[in-house]
Protein chains: 10
Amino acid sequence: MNNLSNTIIVAKESKQMTWQAIADALEMSTVWTTSACLGMNSMPKDKAEALCSLLELGPEVCAALQKYPTKVWQQTVPTDPLIYRFYEIMGVYGDTLKEVIQEKFGDGIMSAIDFNMEVEKEENPNGDRVVVTMNGKFLKYKSW
Amino acid sequence: MNNLSNTIIVAKESKQMTWQAIADALEMSTVWTTSACLGMNSMPKDKAEALCSLLELGPEVCAALQKYPTKVWQQTVPTDPLIYRFYEIMGVYGDTLKEVIQEKFGDGIMSAIDFNMEVEKEENPNGDRVVVTMNGKFLKYKSW
Amino acid sequence: MNNLSNTIIVAKESKQMTWQAIADALEMSTVWTTSACLGMNSMPKDKAEALCSLLELGPEVCAALQKYPTKVWQQTVPTDPLIYRFYEIMGVYGDTLKEVIQEKFGDGIMSAIDFNMEVEKEENPNGDRVVVTMNGKFLKYKSW
Amino acid sequence: MNNLSNTIIVAKESKQMTWQAIADALEMSTVWTTSACLGMNSMPKDKAEALCSLLELGPEVCAALQKYPTKVWQQTVPTDPLIYRFYEIMGVYGDTLKEVIQEKFGDGIMSAIDFNMEVEKEENPNGDRVVVTMNGKFLKYKSW
Amino acid sequence: MNNLSNTIIVAKESKQMTWQAIADALEMSTVWTTSACLGMNSMPKDKAEALCSLLELGPEVCAALQKYPTKVWQQTVPTDPLIYRFYEIMGVYGDTLKEVIQEKFGDGIMSAIDFNMEVEKEENPNGDRVVVTMNGKFLKYKSW
Amino acid sequence: MNNLSNTIIVAKESKQMTWQAIADALEMSTVWTTSACLGMNSMPKDKAEALCSLLELGPEVCAALQKYPTKVWQQTVPTDPLIYRFYEIMGVYGDTLKEVIQEKFGDGIMSAIDFNMEVEKEENPNGDRVVVTMNGKFLKYKSW
Amino acid sequence: MNNLSNTIIVAKESKQMTWQAIADALEMSTVWTTSACLGMNSMPKDKAEALCSLLELGPEVCAALQKYPTKVWQQTVPTDPLIYRFYEIMGVYGDTLKEVIQEKFGDGIMSAIDFNMEVEKEENPNGDRVVVTMNGKFLKYKSW
Amino acid sequence: MNNLSNTIIVAKESKQMTWQAIADALEMSTVWTTSACLGMNSMPKDKAEALCSLLELGPEVCAALQKYPTKVWQQTVPTDPLIYRFYEIMGVYGDTLKEVIQEKFGDGIMSAIDFNMEVEKEENPNGDRVVVTMNGKFLKYKSW
Amino acid sequence: MNNLSNTIIVAKESKQMTWQAIADALEMSTVWTTSACLGMNSMPKDKAEALCSLLELGPEVCAALQKYPTKVWQQTVPTDPLIYRFYEIMGVYGDTLKEVIQEKFGDGIMSAIDFNMEVEKEENPNGDRVVVTMNGKFLKYKSW
Amino acid sequence: MNNLSNTIIVAKESKQMTWQAIADALEMSTVWTTSACLGMNSMPKDKAEALCSLLELGPEVCAALQKYPTKVWQQTVPTDPLIYRFYEIMGVYGDTLKEVIQEKFGDGIMSAIDFNMEVEKEENPNGDRVVVTMNGKFLKYKSW
């Protein structure tokens, strides 16, 4: 975790706020807000200012939040079980996703840039369920 | 691609059917049906029989569809752009998913076994969008 | 080893306690107690408080023990001989475990989350034996 | 899967026998019997003969079963979810196993050679559970 | 090289045509035409038909050219010197490209899907030069 | 990022200059200037002096800029999406580049040393486009 | 090299002692003594005390020498030429060792735990020779 | 295993000979003879002829045995337990071997080319022991 | 080894020619001639014709020799001892080569394309020596 | 770069000496002298003293220069273009070197220990050339 994220998390904990409460205050989604605080997305100026005001963080944090981060992950195959399960889904269902998406849309991909994601809790008497919704623009391969 | 999948795809193409049409005939989802045909899930007996009847495939295909497959993928990091984007999402948003899911549910994971997934097309004047919905049971870590 | 674990181990050694004695005091198993102290499981509040009381550790340790750890291991193939032997067992007997478990239970897996493990010493005149018992919930693959 | 295993599995399926039934006929455990049939252990002569008699396999299979196999696995990190969970357990609990075993036994390891393993089904109203018991001789490090 | 590509290359050589001549006949660029013939892009129906007519290839080639290929490369780091130099450029200038593109465009990436590329020969008395022009749509990161 | 680069970037930000403005002041291209400031190319003495004068940096920076850097990158496959797309282009189009360049020039490679690169912004109503132009001397394989 | 080893080596050098002289003083072999000082074996209490007395090291070194080390090596394939040659021997002669040992002993392995090793110098007019003798207990595979 | 080795092993088994008996007939060591038959060393002409006479193999085998093999092993880290233990010894004792050898001989290495190795069985009431003796010329680093 | 190389080697052996004799007949160096026959360099038309005439090979071999090969090696770190020693030299002396070459020539590299290499035997009473001479054009880094 | 090398390089730069001048003063070759200063070879006592006298370095540097270094390189495949080209030469010409050396000398290798190397500048109107000469003792494989 980088310094920026660490500073934010310490402030978040000292104020006993959740990611969701922070996101609500910024009028942004929880997933995007968390990702920006973890250094995986840049914040527009107004959102960075709102966050720093909310968590009483200084201008250097506000500036850092607006920088365009270099997105790096250390583990080619993640070890944490929660994250690994998403890797496993990609491995088990990768070819299926390719078949189904390309059958519906033609030859192309789902963008991971023009993209958003939500996480919801679905209550269920047999055990609550995690619902993750990914929404990305379809990009068609070009010929030239 | 294994022999089973190859046989099914040849039959599917000669009948000019889509995965969705096959899934509808089986009264199952397109994602699950495709994954079973690609050798990544086993089919219950009635579904295997329905598929073989639909595609005019023999009893050895029917038996093979019911076997419990060993799930193997060759590429630790996938190269196909469509599949890589899901890998990238896991890399960029993995820590975010961990933070958000565990804030909502406590310490645990989303199951990739008690799990389903849907792919939808969202029409949009700025370009259609791919919507992938993952739904997995939350599994809580135990102490003992 | 992270700071949390290091702090606990220093306290444990200065009090000349064993993992088993600590676990007994917490009324939890030795394996789970050790894993939580090594930063691989989170502790419920009451257990964290009991541990900190027992080892005379401060509230920041108590808070850290309750956090949901990101589980990371550095070595894809472990080098320490004791740990490597478990890796070797997985390599030699992995396909066997798959055959035997799925023959008994159907298509699915043993959960590593809804899971517990015990280690016992079996005295034997030809040399004592290590007995490791793993107990995980069977999770059945779903079709949808 | 090698040719030996393939021949045995085809015979097993044509006779509609389970691994457990084969093991019972050999008066050996299911885990060991399966591992030998999958080419990961050599069989004593009498067991190889009993197996070939039971499954009506020829003398070249009987000879092959008695050879000392070179134990090879292709995937450093297994992808099949059932097998991966055992890898994950080794990653999450490896240091714990080291601490607990060495606290009980002194400096040394659990043998993976002078070793046996059982798999049992534990019925449970909240979902049946897989119970895996590993039993290996403790080997003490020597000084010289 | 897959069978499709091999068939095309054999036909191309027997007709002693260049990639450029084939591309000109298709009224498409040389780079795109070559990439489709090497199995890295799908061809629209009319182009596939034109190619098969030009090279006297059968309808099964025409169908194969229209399929959406799974893009796979075997070497994480390419060994062929010509291809390696492009890998080296990415390694040496990757951070520079990030700085310069994001300074000009804001936080986002150059698409590799909505993308085209040309290769030209620049004559030069000190030695001719290869000019490679990449042209990809800028995709801006979204916040949500 | 090394110390040299960090010092330059801090100075650049405190003066609120762009890479392009710095390059213009040095009468060099933006790509080359940025790469030298990021420690991936050495600067001739006059350019190093001009840069240090412009950014008010000391003689030790001026000396460091003239050293011949050892070019190192940490990630065999880059994770940042902007840089990964160039890796993907090399993977998807590597064999194509080999075919097309060698058809035009004969057996040889494009130099990555006697090489330059430009990045331009192409305005486009459907979304601006990034244009990257690589220009390297063709080097012919020798026989001897 | 860890701190423990470093402390011992500094003391060894300041006393201008060889590993052999230290081992002789401990009445243990040179190989084992060196391995324990390098943190790859634990010392019995009396040997640790003798070493610390000999090298005038404090009680914290004495305690550290008795701990059960986690054996870690960083390089999957060693680069130092002396160590690499042993890796090469394992690669070139690994299958041969398997054939020869198992021909002499049956199906099993040579223990690396119940194991000792000596290094001797064999004088030879054509160049002195290194003689390494490994001695490990044969462990037979069990059936059960 | 290559074709040469396979042919020899089939002949060896049909004649029910051991490696040791073959080696004795050739008046060479068991280890070297086995390594040459497994394709890891070339045989002098007289030994190749003696082997082919002994096992009634044709002149093409005799010629192949005299070729200089390219020594290749597939597994960077071997998985077979017998071979892995030698890898583990290299990992655990590699630095020790370096210290001890260089203390005895000065700066240099043990040759793996001007090298021989023997395997002996040492009977022992507590379990027989494998004794492996490696003997390689010491090669001193040169300065120039 | 590819088919081309195999065909040439079979012909070379049936004619009992050495690489040096073939090279002399072609009036080219032994190293280059061998590399082209092993599929790592393309031959000019006249040399390919001379080779095919010399070894009585057909026109399809002649055509194949003139193709521009894709240079691929399978082992990132070579295992054959002869080839590994060159890898080791690159590892041990890589930084030294960089220092010494750049001190003599300025910032740049030695070309591996505009390059030739010779291997000579130097007789020596203490053991003959292999002399490898590499000769590559110095390529200076450009600024732009 | 380790501390020893860093100390020497700082001294070398403050005295504005080249590697060649240092080597001449030591009456040793430039390549060997540089490699010892970079920590890849040990220096005999007289050379270490001469170097420390020349560069006015203290006795701890003199002692460190005489130690037998553990030779480590971090990058399996080097990224710096100058060093990579030597890796590429090993990949492209490795099999050729094996063929040519073994044709001239018989089955064996070129030693990388009893070895020296020179780098010369060859002036050439078409661009100066780097000439690297490697000279290693031929070591013959033994049979026993």
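One can find the structure itself at the top, above this paragraph.
A brief report on the enclosed structure follows. (Residues numbered from 1 in each chain as written. Chains lettered and ligands numbered in written order. Predicted model: local features only at pLDDT ≥ 70, side-chain atom pairs only at ≥ 80, totals over all residues. Heavy atoms only, no water.)

1. Here's the deal with the overall build of chain A
Helix and strand counts for chain A stand at 6 helices and 2 strands. Counted from the first residue to the last, chain A has its helices and strands arranged as α-α-α-α-α-α-β-β. Structurally, chain A occupies a C-alpha span of about 50 × 50 × 30 Å along its principal axes. For chain A, with 144 residues in total, the buried portion stands at 60%. If you sum the accessible surface of chain A, you get close to 5700 Å²; carbon and sulfur atoms cover 46% of it. For chain A, the distance from the average site of its 14 positive side-chain charges to the average site of its 19 negative ones is 6 Å. (Helix = DSSP H or I, 4+ residues; strand = E, 2+ residues; numbered from the N terminus. Buried < 20%, exposed > 50% of the residue type's maximum accessible area, 1.4 Å probe, protein only. Areas by Shrake-Rupley, 256 points an atom, 1.4 Å probe, with all protein chains shown as cover. Lys, Arg positive; Asp, Glu negative; His and termini not counted. Charge placed at Lys NZ, Arg CZ, Asp CG, Glu CD.)

2. Digging into the arrangement of the chains
Contact between chain E and chain H is absent, and the minimum C-alpha spacing across the pair is 17 Å. In this assembly chain C lies apart from chain I, the nearest approach of their C-alpha atoms being 19 Å. (Contact = heavy atoms within 4.5 Å.)

3. A look at the sheet that holds strand E1 (residues 108–122) of chain I
Taken in spatial order, the 4 strands make up an open sheet running E1(I)-E2(I)-E2(J)-E1(J), and their pairing is antiparallel. Of all strands in the sheet, those with a lone pairing partner are E1 of chain I together with strand E1 (108–122) of chain J, marking the two edges. Neighbour-to-neighbour, the strand axes of this sheet turn through a mean angle of 20°, independent of strand direction. Here 11 bridges tie E1 of chain J to strand E2 (residues 129–140) of chain J, and the two strands are oriented antiparallel to one another. Directly across from Lys 121 of chain J, in E2 of chain J, lies its bridge partner Val 130 of chain J. (Pairing = 2+ DSSP bridges. Axes fitted to C-alpha atoms, helices over the stretch in contact; angles between N-to-C directions.)

4. Details of the interface of chain B and chain A
Contacts between chain B and chain A engage 70 residues on the former and 70 residues on the latter. Between chain B and chain A, the buried area comes to about 6800 Å², and carbon and sulfur atoms account for 67% of it. The largest contributions to the chain B side of the interface with chain A come from Trp 73, Leu 82 and Val 130 of chain B, which together make up 10% of the buried area. Between chain B and chain A we count 4 salt bridges in total. Note that Asp 114 of chain B and Arg 129 of chain A form a salt bridge whose closest N and O atoms lie 3.0 Å from each other. At the junction of chain B with chain A, the criterion picks out 28 residue pairs in polar contact (both at pLDDT 80 or more). The dominant element in the side of chain B that touches chain A, judged by the number of residues it contributes, is helix H6 (residues 81–105) of chain B, at 25 residues. (Buried area = accessible area lost by both parts, 1.4 Å probe. Salt bridge = Lys/Arg side-chain N within 4 Å of Asp/Glu carboxyl O. Polar contact = N/O pair within 3.5 Å; in protein donor to acceptor, adjacent residues only side chain to side chain.)

5. Considerations on the interface of chain H and chain J
Tallying the contact residues gives 30 residues for chain H and 30 residues for chain J. Summed over the three residues of chain H that lose the most area to chain J, namely Tyr 68, Ile 113 and Trp 144 of chain H, the buried surface amounts to 33% of that side. Viewed at the interface, chain J and chain H are joined by 2 salt bridges. Across the pair Asp 114 of chain H and Lys 142 of chain J runs a salt bridge, and its minimum N-O distance is 3.0 Å. Put simply, chain H and chain J have 12 residue pairs in polar contact (both at pLDDT 80 or more) between them.

6. So, the pairing of E2 of chain J
Across the 12 residues that make up E2 of chain J, a large majority, 10, are buried. Of the pairings in the sheet, the one linking strand E2 (residues 129–140) of chain I to E2 of chain J comprises 9 bridges and is antiparallel in character. Within E2 of chain J, the position partnered with Val 131 of chain I by the bridge is Asn 135 of chain J. Hairpin connection of E1 of chain J to E2 of chain J: 6 residues between the antiparallel strands, including Gly 127 of chain J at a positive phi of 120°.

7. Some details on the pattern of salt bridges
All chains considered together, the criterion is met by 70 salt bridges over all chains. Notably, a salt bridge pairs Lys 67 of chain I with Glu 13 of chain E, separated by 3.1 Å at the nearest N-O pair. Here Glu 13 of chain E lies in helix H1 (residues 3–14) and Lys 67 of chain I lies in the loop between helix H5 (59–66) and helix H6 (81–105), a pairing that spans two chains. We classify Lys 67 of chain I as partly exposed; its relative accessible area is 43%. Put simply, Asp 114 of chain A, Arg 129 of chain B together with Lys 142 of chain E are held in one network by salt bridges that share partners.

8. Things to note about the relation of the copies chain B and chain A
Once chain B has been moved 0.0 Å along the axis and rotated by 180°, it coincides with chain A to within an RMSD of 0.0 Å. The two molecules are tied by a two-fold rotation axis, judged by turn and shift. Of the C-alpha atoms belonging to chain B, the one lying closest to the rotation axis is found on Thr 133 of chain B, 2.2 Å away. Most of the interface of chain B is mirrored in chain A: 100% of its interface residues are interface residues there too. (Least-squares fit on C-alpha atoms with pLDDT ≥ 70 in both.)

9. Some points on the environment of Asn 135 of chain C
Looking at the element boundaries, Asn 135 of chain C is found in strand E2 (residues 129–140). Put simply, Asn 135 of chain C and Ala 112 of chain C are 23 residues apart on the chain and 8.8 Å apart in space, counted from C-alpha to C-alpha. Discounting chain neighbours no more than four positions away, the residues touching Asn 135 of chain C are Asp 114, Phe 115 and Asn 116 of chain C together with Glu 122, Arg 129, Val 130 and Val 131 of chain D.

10. Brief notes about the packing of helix H3 (residues 30–37) of chain E against helix H6 (residues 81–105) of chain F
At a minimum axis separation of 9 Å, H3 of chain E and H6 of chain F run at an interaxial angle of 120°. Between H3 of chain E and H6 of chain F, the crossing angle belongs to the class labelled oblique. Helix-helix and strand crossings are classified by hand; for H3 of chain E and H6 of chain F the assignment is right-handed. The residues of H6 of chain F that touch H3 of chain E, namely those facing Thr 30, Val 31, Thr 34 and Ser 35 of chain E, are Tyr 93, Thr 96, Glu 99 and Val 100 of chain F. Here the residues of the contact of H3 of chain E with H6 of chain F sort into 3 nonpolar, 4 polar and 1 charged. (Parallel < 35°, antiparallel > 145°, perpendicular 65-115°, else oblique. Left-handed = near helix turned anticlockwise from the far one by under 90°. Nonpolar A, V, L, I, M, F, W, Y, C, P; charged D, E, K, R; others polar.)

11. Some thoughts on the side chain of Asn 41 of chain J
Within the secondary structure, Asn 41 of chain J is located in the loop between helix H3 (30–37) and helix H4 (45–55). Of the polar contacts made by the side chain of Asn 41 of chain J, one reaches the side chain of Tyr 93 of chain I; its length is 3.1 Å.

12. Things to note about unusual backbone geometry
All names here are of chain C. Positive phi, normally seen in glycine, also occurs at Gln 16, with a value near 50°. With respect to the secondary-structure elements, Gln 16 resides in the loop between helix H1 (3–14) and helix H2 (19–26). For Gln 16, a relative accessible area of 74% corresponds to the exposed category.

13. Overview of the sheet that holds E2 of chain C
The antiparallel open sheet is built from 4 strands, whose spatial order is E1(C)-E2(C)-E2(D)-E1(D). Two strands bound the open sheet, and with one partner strand each, they are strand E1 (108–122) of chain C together with strand E1 (108–122) of chain D. When strand polarity is set aside, the average angle formed by the axes of neighbouring strands in this sheet is 20°.

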